[in-house]
Structures are given as structure tokens and as C-alpha cells.
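Each chain, letter by letter, is given below.
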Amino acid sequence: MKYGYFPGCSADSTARDMHTSTVAVAQALGIELIEPKGWTCCGATAGHQTDRFLSVALPAASLAKVKDDGLDMVVSCAACYNRMKVANHEIQQSDEMRRAVADALGRDYDGSVRVRHFLEVLLEDLGIDKVAALAKHSLGGLKVACYYGCLLVRPNEVTKFDDPENPTSLDRLVNALGGEGLEWPHKVECCGGGLSMSRTDVVVSLTDAILEMAKASGAQCVTVGCPMCQINLDMRQLDIRKQMGKSHDMPIVYITQLLGLCLGVPAQQLGLEKLMIPAGDIVKTIGSAA
Amino acid sequence: MAITIKKNVETEGLIRRIEQMTGTDLSTCYQCKRCTSGCPVSKLAGSPPSEIMRRLHLKAGDELLDSEIVWMCVSCETCSARCPMGIDVAAVMDALRQLAREKKAAPQEGNVPLFNRAFLETVKFFGRTYDIAMIAAYKLGTRKFMDDTEKFPSMLKKRKIALLPSLKGDRKTTRRIFQKANERKEAER
Ligand code: SF4
Ligand code: SF4
């Protein structure tokens, strides 16, 4: 199994752990990921809040780089995934946009590269049974609040990822690995990640509500597939502590980190020490569960 | 809640321009308020999304661009996903932000436009984001140097902030894209 792989800018900074755990898990599962040379930023939230053309042409530049190899583009960042899917959609919908993008890129791109989240590759291409069969350790009944956020599921006509109001992809994987994906109401609530720096006030109140609900639902940790959700839910716990005097102490781990532990990948390779709220107890539980 | 707008019967207000920018027919909104009930910031912002829609129908003018939600909206797209009429309310928010910037509407708390500019300038220059340059540009603009800075040492230690920018991106193409975007804007004017 061979794919193009787009790490996204955060792979070099805030989400190095997402990137290393994705690569480690792929290797353990025999999935080959090829980084296209010279990939560039997708423009993220700032792009589409500023200019529609920018928000389409920026992701298209990287997609065009795998077009000729005929590979799907695998993305582990939900934000890049979202921007790339929307860009493909807009290029397919409008000849004017396609021409304008071609003009900027110096080549035509028809919006046809399939964009896949790493989770989709695990569930659709490899299959949940195969993934579970390769696991060396069980999650040992770990109670996990699976948090999907907004970028994977919306706009659903474009991303076509799971059920937009009650997605279960992460839960199915967690359950197959011997954990318990919890029923809880905030699976697709927004944490405000895109405004984390510019409207910290708004974001602290949104993250607090999500963490409260995870705790009330009995979660031992929250798992995510998006680096903006991760850093936001993880790091903003420090602000919640300071501003509201509440300690949630809720580890926010990437699904690839949980899966990596189950596959027997050493914790260091999964970047678990990078979490702001430590997940040591979880690492220990999984390491000792057969 | 009663809505008052400054009505100017001579003009069509912002609605046509927004319809043009988003390619949607806003007249189908029947004020069910599902967009507002799912909006994570509706309680914090003065005018929730359904009210913005109503104000547009009532031919609101540029004063709408000063609404708090324009820069408080987190682009989560819950409103668009749940609108029974299939109206892309989040795209309306994007359009309002573009107009607010063009028309230099009242600056607001937190300064999202400044953050977006700092972010995109970094991308234009490096081809990828580079947090330190972006944060510096943003903090210089807001003069709120101390917010979040207490987290930097531990973030650096955990290598959650890269010290040096990555220069592996295809910067030539990125710059051409920004140039094209500018040309398109100029042509619109
Ligand atoms: S959900 Fe749609 S129809 Fe209902 S108030 Fe909002 S925009 Fe109008
Ligand atoms: S996209 Fe903006 S307006 Fe729509 S629900 Fe989200 S925060 Fe509210």
C-alpha cells in the first residue's frame, strides 16, 4: 500500500507528535507514505477567512505534486484534509477557478487527487479487523471520549467523512483495540482551534465546556485526529487552571498514539512526552495489558 | 428579540454583494434558527448567525460589518451543516470578514484579521508556516506580548515550536499564488 503523504506545517512544530506517530504506525502496518517534494502550506483558517482564491490555490499546489504519480494524498491533519477537499471541490465545480489556479501554478490541475484522512486508510483500505489483529496490546478497557471536532465532518457533502452528527470511526477503532468509545454529546462540537491565539477568551470557554463533558461522561482520556484540537484542548487546560481555578487533568492523545501503543511502538517514537497534560498512566496501562 | 437596523431605502444593503460572493440565495432563510442553536459562539456574540441573516434580509448596510460575530465566528460550519435550506451560513461569515477588511470596519477585541495577516505573510515568505515569525508579527501588532508567553519555554523544550523555519517548500509557486490573488483583487475593484 502506497500513498502520497502530506504532513502539514504543524508536523514541524506543535504537532510533531502527530506526524511521528502517524509515520510509526504506518510503518508498523506496512503502509508506505511518500512525502511529495516541495509541499506547501494549505492556508488553513486564515486562508479561507481572507480570500477564496487563496484558499483553493494554496492546497491545490501540493495536490498537483502527487497528481502525476497517480497516488491518493493521505493527510493526518484534519485542517489540511478539510482545505484540500474543499479545494478539489471548488476546482471541479468551476472552470473559472480551475483556470485561475492553473495560471498561478503554471500547470493544470483538475481537482482529482483523492484526499484521505489517515483514519480512513486504516478503516477502509486496511480494515478494522486487520488492524486489531496486528495489535500486541489491548487498550485494557480504557474509557475514551472520541472527539472529532468540525474539520473532519464538515462540510459533509465535501468531506464525506462518516456521519456528520454522530461519527463513529474513532470509536470503532478504539473498541476494536479493547477500549471503550464513550457515548457523549460533544463529539462534533467546535473547540475554536483556529482562533486559539487571536481570541483566547472565546477558546478557553469552548474548550472548558468540552472537557467538562468528557469528564462527566467518565472519560480517562480524549482522543483526536486533528492537531488544532489537540494543542487547543491540551494546552488551554493550563489557562483554564489559571483563569477558572479548575484542573481537568485530561490527557488529549492522538488516535495514532493510542494505536501505536497497541501495536507495540515505543512511547518515545509516538511523541507521548510532548503532551502538556501527561498521559503516563495510560501508557502504563496499555503496556501491561495483553 | 426586536431587531433595529438603519434602513436606507435607496440601497439594496449588503445582501446582493454577499449573495454574489457566496453564490447562494439567501432569501430562502425562514428564520428557523437552527444555525444559531448549534453555533458555539452564539451565546458570546451579540448577534447570532440567524439574526445576521435577518438583518441582511432587512437590507442592513455596512454597520452589519461591526457585529461581534464577524470576528468571533470560529468557522466550525455547524450552521451550514444544519441549515434545513442548505444555506452556507459559514460562507456568509467569510464574505462578511472580507467586506469588513475591505471597508475597514471597526477593529475588534483579539484582532483576528491581524492574526490572519501575520499567518499568511509567513506562508507567503516561507511557503510554510513558521510559528516564531508569525507569533512575533502578531504580538508586535497587538502589543499583548505577555499573553501565552509563559508557555513558550516548555513548548520549546518539547519542540512544539520549531526554532528555524522549514525552507523545503516550493516557495516560488506559493509566491505566485499570492501575487495572483492580489491581481484578482485589484481587478475586482
Ligand atoms: S438555519 Fe438556515 S433557514 Fe434556519 S435561520 Fe439559519 S440560515 Fe435561516
Ligand atoms: S461557522 Fe461561525 S457562525 Fe457558523 S456555527 Fe460556527 S461559529 Fe457559528
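Residues numbered from 1 in each chain as written. Chains lettered and ligands numbered in written order. Predicted model: local features only at pLDDT ≥ 70, side-chain atom pairs only at ≥ 80, totals over all residues. Heavy atoms only, no water.

1. Things to note about the site of ligand 1
Residues and elements named next belong to chain B. In the region of ligand 1, the neighbouring residues are Cys-29, Tyr-30, Gln-31, Cys-32, Lys-33, Arg-34, Cys-35, Ser-50, Met-53, Cys-83, Pro-84 and Val-89. At the level of secondary structure, the elements contributing two or more residues to the shell around ligand 1 comprise α2 (34-38) and α3 (49-57). In the shell around ligand 1, the residues fall into 8 nonpolar, 2 polar and 2 charged. (Near = heavy atom within 4 Å. Helix = DSSP H or I, 4+ residues; strand = E, 2+ residues; numbered from the N terminus. Nonpolar A, V, L, I, M, F, W, Y, C, P; charged D, E, K, R; others polar.)

2. A closer look at the packing of aromatic side chains
All names here are of chain A. Summed over all chains, the structure comprises 3 aromatic pairs over all chains. On the basis of an interplanar angle of 80° and a centroid distance of 6.4 Å, the ring pair of Tyr-81 and Phe-161 is categorised as edge-to-face. You can see Tyr-81 sitting in helix α4 (residues 78-93) and its partner Phe-161 sitting in the loop between α7 (156-159) and α8 (169-176), a full 80 residues away along the chain. The same class applies to Tyr-81 and to Phe-161, which are both buried. For the ring pair Tyr-147 and Trp-184, a centre distance of 6.3 Å and an interplane angle of 50° mean the geometry is tilted. Of this pair, Tyr-147 sits in the loop between β5 (143-146) and α7 while Trp-184 sits in the loop between β6 (180-181) and α9 (200-216), placing them 37 residues apart in sequence. (Phe/Tyr/Trp six-rings, centres within 6.5 Å; stacked < 30°, edge-to-face > 60°. Buried < 20%, exposed > 50% of the residue type's maximum accessible area, 1.4 Å probe, protein only.)

3. Details of the interface of chain B and chain A
With 58 residues of chain B at the interface, the matching set in chain A holds 60 residues. Between chain B and chain A, roughly 5,100 Å² of surface is buried when both sides are summed, and carbon and sulfur atoms account for 56% of that area. Linking chain B with chain A are 5 salt bridges, by the criterion used here. Glu-165 of chain A is the salt-bridge partner of Arg-82 of chain B, the closest N and O atoms lying 2.7 Å from each other. (Contact = heavy atoms within 4.5 Å. Buried area = accessible area lost by both parts, 1.4 Å probe. Salt bridge = Lys/Arg side-chain N within 4 Å of Asp/Glu carboxyl O.)

4. Observations concerning the domain arrangement of chain A
All names here are of chain A. Assigned domains of chain A: these are domain 1 (2-117) and domain 2 (136-288). Facing 24 residues of domain 1, the contacting portion of domain 2 comprises 25 residues. Summing both sides of the interface, domain 1 and domain 2 together bury roughly 2,000 Å²; the carbon and sulfur share of this comes to 72%. The tally of links from domain 1 across to domain 2 stands at 0 salt bridges. The tally of links between domain 1 and domain 2 comes to 6 residue pairs in polar contact (both at pLDDT 80 or more). At the level of elements, α1 (16-28) and α4 are the ones that each hand at least two residues to the side of domain 1 that touches domain 2. Of the residues in the side of domain 1 that touches domain 2, the class split is 11 nonpolar, 10 polar and 3 charged. (Domains from an automatic or database assignment. Polar contact = N/O pair within 3.5 Å; in protein donor to acceptor, adjacent residues only side chain to side chain.)

5. Considerations on the site of ligand 2
All names here are of chain B. Looking at ligand 2, there are 13 residues lining it, with Cys-39, Cys-73, Cys-76, Glu-77 and Cys-79 nearest. Of all the elements in the fold, those that place two or more residues in the shell around ligand 2 are α5 (78-82) and α6 (89-102). Grouping the constituent residues of the shell around ligand 2 by class yields 10 nonpolar, 2 polar and 1 charged.

6. Concerning the pattern of salt bridges
All names here are of chain A. This model, assessed by the stated rule, comprises 28 salt bridges over all chains. In this structure, the salt-bridge partner of Lys-246 is Asp-208, at a minimum N-O distance of 3.0 Å. Here Lys-246 is found in the loop between α10 (227-244) and β8 (252-254), whereas its partner Asp-208 is found in helix α9, with 38 residues between them in sequence. With its nearest N and O atoms 2.8 Å apart, the salt bridge here joins Glu-212 to Lys-246. Placement of Glu-212 in helix α9 and of Lys-246 in the loop between α10 and β8 is noted, with a sequence separation of 34 residues between them. Note on Glu-212: relative accessible area 35%, which makes it partly exposed. Here the salt bridges share partners, and the residues they tie into one network are Asp-72, Arg-114, Arg-116, Glu-124 and Asp-125.

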